[in-house]
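Tertiary structure, described
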Amino acid sequence: MNDQVSMTILVIDDDAHIRSSIGRFLIARGHTVIEAANGEKGVEVVESQAVDIVITDVKMPGMDGFEVLWQVRSVAPEIEVIVITGVKESEHAFRALRAGAFDFFSKPFKVEDLNAAIQRTVRYQALRKETRRMQARLDHYLVQERARSGLSAIIGESEAVVKMKAQILQVAVTDHTTVLIVGETGTGKELVARAVHCESDRASGPFVPVNCSAIPEKLFESAFLGHTKGAFTDATADQKGHFELAHEGTLFLDEIGDMPLEMQVRLLRTLEERCIRPVGSSDEIPVDVRVVAATNRSLTAAVEEGTFREDLYYRLNVFTIQVPPLRERPGDVLFLARHFLDDYARDLRKPLMRFSRAAEDLLQQQEFPGNVRMLKNAVERAAILCCDGEVDVEDLGFDLFENSSTAETSSMPAERVVDQMVQSLSDKQMSWPAVEKALIQEALRRTGGNQAHAAEILGISRMVLRNKMKKCGLL
């Protein structure tokens with residue numbers, strides 16, 4: 001950026017010779033120049049015309065340069081003011097800068113000094129315009145993100161969904177109220193948590209999601225509370241924990257039922273005292289966080305089993321939101337399917353697609369044990385396979401396990417169940433990642449979405465199952 005960028009510059013000076021000299025210099029460099037013989041006329045110009053930069057002398061009869069500066073900053077704060085001072089009037093220059101002038105040069109002025117002042121001002125104004133443009137884009141993005149993550153992101157018109165949305169709005173207006181979200185796997189509990197955050201006064205703060213079942217027990221304390229350099233062998237630098245990262249925002253604790261008992265104690269203390277002590281530190285750090293927890297397990301049963309603290313349960317269960325399974329809101333299936341199809345059409349850069357009547361009938365007949373996530377995955381597959389703009393029955397792929405039986409599964413050895421599932425895929429032209437994903441989906445279908453039972457059928461641990469589900473987009 002240089003002074004070849006054309007600006008409209010107002011020159012205010014009671015000395016006609018100085019006004020003329022500065023004017024000729026600026027015009028020669030492509031700028032538009034307006035002259036004013038005193039401060040009063042200069043302010044009138046600012047009030048009536050578009051001006052980018054004002055150059056004003058300090059000592060003038062009537063309104064002096066400081067009054068001009070004050071008036072310009074009051075009328076048009078986006079205009080930058082350059083002050084002309086005498087060589088021995090450095091105190092005037094400092095006073096002008098403190099009052100909001102952008103720059104100054106001295107008279108009798110040198111061409112290089114004037115040119116440098118103009119260049120600095122032009123560069124600054126260009127930077128400020130770019131900053132404003134980027135801020136406008138950021139604000140637009142945040143508005144769009146809130147629309148995608150707020151209440152409008154929850155699709156459905158069923159009575160259960162309408163009730164759930166009302167609950168979200170009711171608790172969102174509170175500031176620190178802890179929320180417990182209960183629902184089966186795949187119902188959209190994180191979406192509900194994000195809606196609580198986005199509809200609250202904390203929307204401009206961070207939303208930090210944490211999957212409690214994915215953190216190794218030994219790392220829980222450090223992950224949540226942070227640590228200082230040297231706190232343990234691998235602590236090579238200070239690191240903030242989830243609570244500190246979520247300061248002035250929302251911390252979403254998914255799968256809260258999988259949190260180790262020792263960490264449950266620390267969580268309870270943090271919720272009550274609203275401060276943390278990083279591992280290796282003796283200092284406590286205050287945190288302003290709303291905690292939203294979610295579970296697909298019965299925490300009351302976990303309390304009875306001794307795997308979940310009763311006092312923490314009551315601390316979390318201040319306001320409970322029940323997320324309905326898809327089978328309890330069948331009227332929303334097509335709303336959701338069409339919404340997902342439009343999204344995938346955009347993502348895949350395909351023309352808008354629609355479902356055939358037969359495909360819609362099939363969608364409405366499905367039980368969807370994997371809930372909304374299962375429906376979304378089916379629509380994604382269909383959007384990829386669809387070639388003519390109309391998604392048909394064969395694109396949905398619900399026939400992959402059409403001969404399987406949930407009732408038979410319950411009385412069948414795990415090895416036999418897996419053999420049956422693999423056999424049903426044997427004549428499908430699928431890659432191994434697709435086969436693995438299909439096996440997991442079928443195991444979840446047969447167990448009604450129960451991950452522990454699905455892992456048992458597949459002969460793997462629940463942690464391994466969840467890692468595989470993440471890898472193939474089922475979590």
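So, a few notes on the structure that sits alongside this text. These figures come from a predicted structure and were not determined experimentally.

Attention now goes to the pattern of salt bridges. Under the defined criterion, the tally for this structure stands at 19 salt bridges. Taken together, the shared-partner salt bridges in this structure form one network comprising Arg 269, Glu 273, Arg 277 and Glu 284.

This part takes up the sheet that holds strand S6 (residues 179-182). Spatial strand order, S7-S8-S11-S6-S12: five strands in an open sheet with parallel pairing. The two strands at the open ends of the sheet, each matched to only one other strand, are strand S7 (207-211) and strand S12 (319-322). Within this sheet the neighbouring strands show an average axis-to-axis angle of 20°, counted without direction. Relative to strand S11 (residues 289-295), strand S8 (residues 249-254) is paired through five bridges, and the arrangement is parallel. Its bridge partner lying in S11, Leu 253 is registered against Ala 293.

On to the packing of helix H6 (residues 159-172) against helix H7 (residues 189-198), then. Interaxial distance between H6 and H7 falls to 8 Å at its minimum, and their mutual angle equals 40°. The orientation of H6 with respect to H7, classified from their angle, is oblique. Here H6 runs over H7; the crossing is right-handed. Residues Met 164, Ile 168, Val 171 and Ala 172 of H6 lie in contact with H7, whose contacting residues are Val 192, Ala 195 and Val 196.

It is worth spelling out the state of the cysteines at this point. Following the criterion strictly, the structure yields zero disulfides and no others. Left unpaired, Cys 387 is separated from the closest cysteine sulfur, that of Cys 386, by 6.6 Å.

Tallied over the entire structure, the rule returns five aromatic pairs. Ring centres of Phe 207 and Phe 252 lie 6.1 Å apart, and the angle between their planes is 20°; this geometry places the pair in the stacked category. Placement of the pair is Phe 207 in strand S7 and Phe 252 in strand S8, with a sequence separation of 45 residues. Judged by its relative accessible area of 15%, Phe 207 falls in the buried class. On the basis of relative accessible area, Phe 252 is assigned to the buried category, the value being 0%. On the numbers, 5.6 Å between centres and 0° between planes, the contact of Phe 220 with Phe 224 is stacked. With Phe 220 and Phe 224 both in helix H8 (residues 220-225), this residue pair falls four residues apart, about one helical turn. Across the pair, Phe 224 and Phe 220 agree in class, each one buried.

Our next topic: H7. Of all ten residues in H7, seven are buried; the element is thus mostly enclosed. Every buried residue belonging to H7 is among Lys 189, Val 192, Ala 193, Ala 195, Val 196, His 197 and Cys 198, and all of these are buried.

Before going further, it helps to examine unusual backbone geometry. Unusually for a residue other than glycine, Arg 274 sits at a positive phi of about 55°. Along the chain, the position of Arg 274 falls in the loop between helix H10 (261-273) and strand S9 (275-276).

Listed in full, the buried residues belonging to helix H2 (residues 39-48) are Gly 39, Gly 42, Val 43, Val 45 and Val 46. One face of H2 carries all of its buried residues, which in axial projection span an arc of 155°. Opposite the packed face of H2, turned more than 90 degrees from it, sit the exposed residues Glu 47 and Ser 48. Two or three places before Glu 40, at the start of H2, stands the capping residue Asn 38, its side-chain oxygen 3.2 Å from that residue's backbone nitrogen.

What follows is about the environment of Arg 354. On the secondary structure map, Arg 354 appears in strand S13 (residues 354-355). Sequence separation between Arg 354 and Cys 386 is 32 residues; the distance between their C-alpha atoms is 9.8 Å. Here Arg 354 is in contact with Leu 341, Gly 389, Glu 390 and Val 391, once residues within four sequence places are set aside.

Spatially, five strands are ordered S2-S1-S3-S4-S5 in an open sheet, and the strand pairing comes out parallel. Edge positions in the sheet fall to strand S2 (32-36) and strand S5 (103-107), since each has one partner strand and no second. If you compare each strand with its neighbour and ignore which way they point, the axes differ by 20° on average. Of the strand pairs in this sheet, strand S4 (residues 80-86) and S5 are connected by five bridges, and their pairing is parallel. Within the sheet, the bridge partner assigned to Thr 85 lies in S5 and is Ser 106.

Taken N-terminus to C-terminus, the directions of H2 and helix H3 (residues 65-75) make an angle of 10°; their axes are 10 Å apart at the nearest point. When the axes of H2 and H3 are compared, the pair comes out roughly parallel. For the pair formed by H2 and H3, the contact residues are Gly 39, Val 43, Val 46 and Glu 47 on the first element and Val 68, Gln 71, Val 72 and Val 75 on the second. Of the residues contributing to the contact of H2 with H3, the split by class is five nonpolar, two polar and one charged.

Formed by 31 residues in total, the largest nonpolar core has its most connected members in Phe 224, Leu 253, Ile 256 and Met 259. The contacts of Met 259, once residues within four sequence positions are left out, are Cys 212, Phe 220, Phe 224, Leu 253, Gln 264 and Leu 267. Of all hydrophobic cores here, the second largest spans 25 residues; its members include Leu 362, Leu 363, Met 374 and Val 391.

Rules and cut-offs
Residues numbered from 1 in each chain as written. Predicted model: local features only at pLDDT ≥ 70, side-chain atom pairs only at ≥ 80, totals over all residues. Heavy atoms only, no water. Salt bridge = Lys/Arg side-chain N within 4 Å of Asp/Glu carboxyl O. Pairing = 2+ DSSP bridges. Helix = DSSP H or I, 4+ residues; strand = E, 2+ residues; numbered from the N terminus. Axes fitted to C-alpha atoms, helices over the stretch in contact; angles between N-to-C directions. Parallel < 35°, antiparallel > 145°, perpendicular 65-115°, else oblique. Left-handed = near helix turned anticlockwise from the far one by under 90°. Contact = heavy atoms within 4.5 Å. Disulfide = S-S within 2.5 Å. Phe/Tyr/Trp six-rings, centres within 6.5 Å; stacked < 30°, edge-to-face > 60°. Buried < 20%, exposed > 50% of the residue type's maximum accessible area, 1.4 Å probe, protein only. Arc of directions from axis to C-beta. Polar contact = N/O pair within 3.5 Å; in protein donor to acceptor, adjacent residues only side chain to side chain. Nonpolar A, V, L, I, M, F, W, Y, C, P; charged D, E, K, R; others polar. Core = buried A, V, L, I, M, F, W, Y, C linked by side-chain atoms within 4.5 Å.

Keep in mind that these numbers describe shape and distance, not what the molecule does.
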